[in-house]
Amino acid sequence: MKAMIFAAGLGSRLKPLTDTMPKALVPVAGRPMLEHVIVKLKVSGFTEIVINIHHFGEQILDFLKANDNFGLTIHISDERALLLDTGGGVKKARSFFENSNEPFLVHNVDILSDIDLKELYESHLQNGGVATLLASRRKTSRYLLFDVEKKLCGWINKDTGQVKPEGFHYDESLYQEYAFSGIHVLSPAIFQWMDTSRWEGKFSIMDFYLATCRQTNFFSYLVENLQLIDIGKSETLAKAEEFVKGLNL
């Protein structure tokens, strides 16, 4: 099974730690967050991983070399010349994924959770969609909106009332509000929807999902009691060690 780890971010919310290292190598319970994600993927059965790099990218290369790629096949998608955001990052890595029908899992480097990644992957195979997004009832201000068939229909910012895509009308009786986790599974068919001038260079994968959800099928994988922590910000980094111990990672 194949996966991609988003490890290219600037880590602005973790300054001053990220003034001297990439966010992916910030330690959590004594191990870099990148190592936590790689090990979880390996235990879940993933054998081939693409990692994108940008900020202090050479440190990530050295880290992987020092650990013999954790016994996995690891490819590097090098964004050191230009940081491409999540959607642009996926598109740049397309050559690693598009020559087969095998889906690939995408995982933010700064997310830790108790999700069974293999079950998520298998759910994607069963639903036959282009993308499957791990979502939960977690409280936030911004929600993805899914219909009764768990198909993605829109997005809302509860604080401002802003909705996406353009022209979308939100009726709370028709949609369920789920918080996105930063973990999703994509089929290589996703790339054919990116072959327009709108999706060139730097762009957000979520903007892409919301702009195209009316034309194709993006599903949710809902976990009611998902344990998840975003370790990409200083206030949660302090809580991460206890979280990791609770998950026995």
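Quick note: structure is the one above.
Residues numbered from 1 in each chain as written. Predicted model: local features only at pLDDT ≥ 70, side-chain atom pairs only at ≥ 80, totals over all residues. Heavy atoms only, no water.

Can you walk me through helix α4 (residues 117-127) in this structure?
A turn of α-helix holds 3.6 residues, and therefore any two residues three or four places apart point the same way. Buried within α4 we find L117, L120, Y121, S123 and H124. Looking straight down α4, one finds that the buried residues subtend no more than 155° of arc, so they occupy a single side. Looking at the buried positions of α4, the neighbouring elements they touch are α1 (33-43), β6 (104-108), β8 (131-136), β12 (176-186) and β13 (218-223). One side-chain oxygen at the N-terminal end of α4 lies 3.1 Å from the backbone nitrogen of K118; it belongs to D116. (Buried < 20%, exposed > 50% of the residue type's maximum accessible area, 1.4 Å probe, protein only. Helix = DSSP H or I, 4+ residues; strand = E, 2+ residues; numbered from the N terminus. Arc of directions from axis to C-beta. Contact = heavy atoms within 4.5 Å. Polar contact = N/O pair within 3.5 Å; in protein donor to acceptor, adjacent residues only side chain to side chain.)

Even after reading the chapter, I still don't get the packing of α1 against helix α2 (residues 57-66), so can you show me in this structure?
The geometry of a pair of packed helices is captured by two quantities: the angle between their axes and the separation between those axes. The interhelical angle for the contact between α1 and α2, taken along N-to-C directions, is 50°, at an axis separation of 12 Å. Regarding the angle of α1 to α2, the classification is oblique. α1 and α2 meet at a crossing whose hand is right-handed. For the pair α1 and α2, the contacting residues are L34, E35 and I38 in the first and I60, F63 and L64 in the second. For the contact of α1 with α2, the residue count by class is five nonpolar, no polar and one charged. (Axes fitted to C-alpha atoms, helices over the stretch in contact; angles between N-to-C directions. Parallel < 35°, antiparallel > 145°, perpendicular 65-115°, else oblique. Left-handed = near helix turned anticlockwise from the far one by under 90°. Nonpolar A, V, L, I, M, F, W, Y, C, P; charged D, E, K, R; others polar.)

Looking at this model, I keep getting lost on the state of the cysteines. Mind explaining?
In a disulfide, the sulfur atoms of two cysteines are covalently bonded to one another. Evaluation of the coordinates by the stated rule reveals zero disulfides. Note on C153: no disulfide assigned, nearest cysteine sulfur contributed by C213 at a separation of 6.4 Å. Here C153 falls in the buried class, since its relative accessible area comes to 17%. (Disulfide = S-S within 2.5 Å.)

What should I look at first to understand the nonpolar core in this one?
Across soluble globular proteins, nonpolar side chains show a tendency to be buried alongside one another. Counting 45 residues, the largest nonpolar core has I5, L34, I38 and I51 as the members making the most contacts within it. If near-sequence neighbours (up to four positions away) are discounted, L34 is found in contact with I5, A24, L25, I51, I60, F63, L64 and V109. (Core = buried A, V, L, I, M, F, W, Y, C linked by side-chain atoms within 4.5 Å.)

Looking at this model, I keep getting lost on unusual backbone geometry. Mind explaining?
Most of the time, phi is negative for any residue but glycine, and the peptide bond is trans. Here the residue pair K15 and P16 is connected by a cis peptide bond, since its omega of 10° sits within 30 degrees of zero. Position of P16 among the secondary structure elements: in the loop between β1 (2-6) and β2 (27-28). Even without being glycine, K150 reaches a positive phi, approximately 65°. Here K150 shows up in the loop between β9 (142-146) and β10 (152-157). Since its relative accessible area comes to 35%, K150 is described here as partly exposed.

Distances and angles like these do not, on their own, reveal function.
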